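The lines below spell out each chain.
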Amino acid sequence: MTDDRTHRPNQNRPFSDEETSGLYRAIHERRDVRSQFLPDPIPPDVLARLLDAAHHAPSVGFMQPWDFLVIDSKSVRSAVLSIFEEENRKAAENYEGERNAQYKSLKLQGILESPINLCITCDRSRGGSHVLGRNSIVETDLFSTCLAVQNFWLAARAEGIGVGWVSILDQEKLAKTLKLPEHVYPLAYLCLGFVSEFLEQPELQKKGWRSRLPLADLVRGSTWGESLTEPALEAEIRKG
Ligand SMILES: Cc1cc2c(cc1C)N(C[C@H](O)[C@H](O)[C@H](O)COP(=O)(O)O)c1[nH]c(=O)[nH]c(=O)c1N2
């Protein structure tokens, strides 16, 4: 696989309308999936494209700290599911009464229903002790790996593949189950597969757990307490 995989001539021209709307469509219609997985296998060429998309994420100092564990082993997945169940029991203790019942009714993983799981890890030692740009903020390797996850997630949506991120996991137990070296952190545990449907809105919103905040409440001016100085931008943001 080469860097030229998605090369197009005239790379500096803006995207066509169709390309632009395809990108925004992937962004808006990406979902976290855990209830709608189909068992159909993901064709190898498709999975390779998604991994290649992840590998083209930005990274601090071009560190590329990620590795990808393609987990098809049933026994490994069952072990991860056990870790989830234990952690999820603990997580449920954070809620009382009706909220507790609502929490317990949520489906928060698709570890066995999805045909494949993927762990995207972060090798915290890659690139040696001095990575350009990582001198002050050591966590930039983790941030970079999150961007690889997002690339993967968006490309998957475009390919019609659902992705669900499972983070209700004890990271130490997960690392042990996956036999990761000491310096490798299991950043994202993902379930992947074709889906019966992509929900129109986040599952948590659909189930009344939490809704999307208005963007206008989140955009601020130059400092935290200031408003935007550009009224036209303010108006555009309020339009929604
Ligand atoms: C870092 C991180 C970790 C998790 C998630 C996401 C992210 C970014 N999400 C998915 C999350 O609930 C979902 O993204 C939001 O509800 C918004 O929905 P959409 O992703 O827009 O469909 C998630 N979902 C779930 O069912 N179990 C989980 O353990 C997690 N963990």
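Keep in mind the model is a prediction, meaning the values are calculated, not measured.

**Thoughts on the environment of Leu 81**
And then number 1: Counting through the fold element by element, Leu 81 comes out in helix H3 (residues 74-92).
And then number 2: When the C-alpha atoms of Leu 81 and Ile 27 are compared, they prove to be 29 Å apart, with 54 residues separating the residues in sequence.
And then number 3: Residues contacting Leu 81, with those up to four places away along its chain left out, are Ile 111 and Leu 112.

**Quick word on the domain arrangement of the protein**
And then number 1: What the domain assignment lists for the protein is domain 1 (17-209) and domain 2 (211-240).
And then number 2: In this structure, domain 1 and domain 2 have C-alpha centres spaced 30 Å apart.

**What to know about the packing of helix H1 (residues 17-29) against helix H5 (residues 140-158)**
And then number 1: H5 packs onto H1 with a crossing angle of 105 degrees between their chain directions and a minimal axis gap of 9 Å. In terms of their interaxial angle, H1 and H5 are classed as roughly perpendicular. Between H1, through Gly 22, Ala 26, Ile 27 and Glu 29, and H5, the contact on the second element is made entirely by Leu 154, Arg 157 and Ala 158.
And then number 2: When the residues that make up the contact of H1 with H5 are grouped by side-chain class, the tally is four nonpolar, one polar and two charged.

**Structural notes on the UniProt feature "domain: Nitroreductase" (unreviewed entry) in the protein**
And then number 1: UniProt records the feature "domain: Nitroreductase" (unreviewed entry) at residues 27-193, using the numbering of this structure.
And then number 2: End-to-end, the C-alpha atoms of residues 27-193 are 18 Å apart, and along that stretch the chain is 41% helix and 18% strand.

**A look at the site of the ligand**
And then number 1: Close contacts around the ligand come from Arg 31, Asp 32, Arg 34, Leu 108, Gln 109, Trp 165, Val 166, Ser 167, Ile 168, Pro 202 and Leu 204, and that covers them all.
And then number 2: Of the residues that constitute the shell around the ligand, the class distribution is six nonpolar, two polar and three charged.

Criteria and cut-off values
Within each chain, residue numbers correspond to sequence positions counted from 1 in written order. Side-chain atom pairs in this predicted model are given and counted only at pLDDT of 80 or more, local residue features only at pLDDT of at least 70, and totals for whole chains, interfaces and linings cover all residues. A helix here means a DSSP run of H or I that spans at least four residues, while a strand means a run of E at least two residues long, and both kinds are numbered starting from the N terminus. Any two residues are considered in contact once their C-beta atoms, placed from the backbone, lie within 7 Å. What counts as a domain boundary in this text is fixed by an automatic or database domain assignment. To obtain each axis, a line is fitted to C-alpha atoms, and for helices this fit is confined to the stretch in contact; angles are then taken between N-to-C directions over 0 to 180 degrees. The cut-offs work like this: below 35 degrees is roughly parallel, past 145 is roughly antiparallel, 65 to 115 is roughly perpendicular, and the gaps in between are oblique. All amino acids are sorted into three groups, where Ala, Val, Leu, Ile, Met, Phe, Trp, Tyr, Cys and Pro are nonpolar, Asp, Glu, Lys and Arg are charged, and the leftover types, Gly among them, are polar. UniProt positions are given in the numbering used here, feature names are shortened, and annotations may be inferred rather than shown by experiment. A residue counts as near a molecule or strand when its C-beta atom, positioned from the backbone, falls within 6 Å of it.

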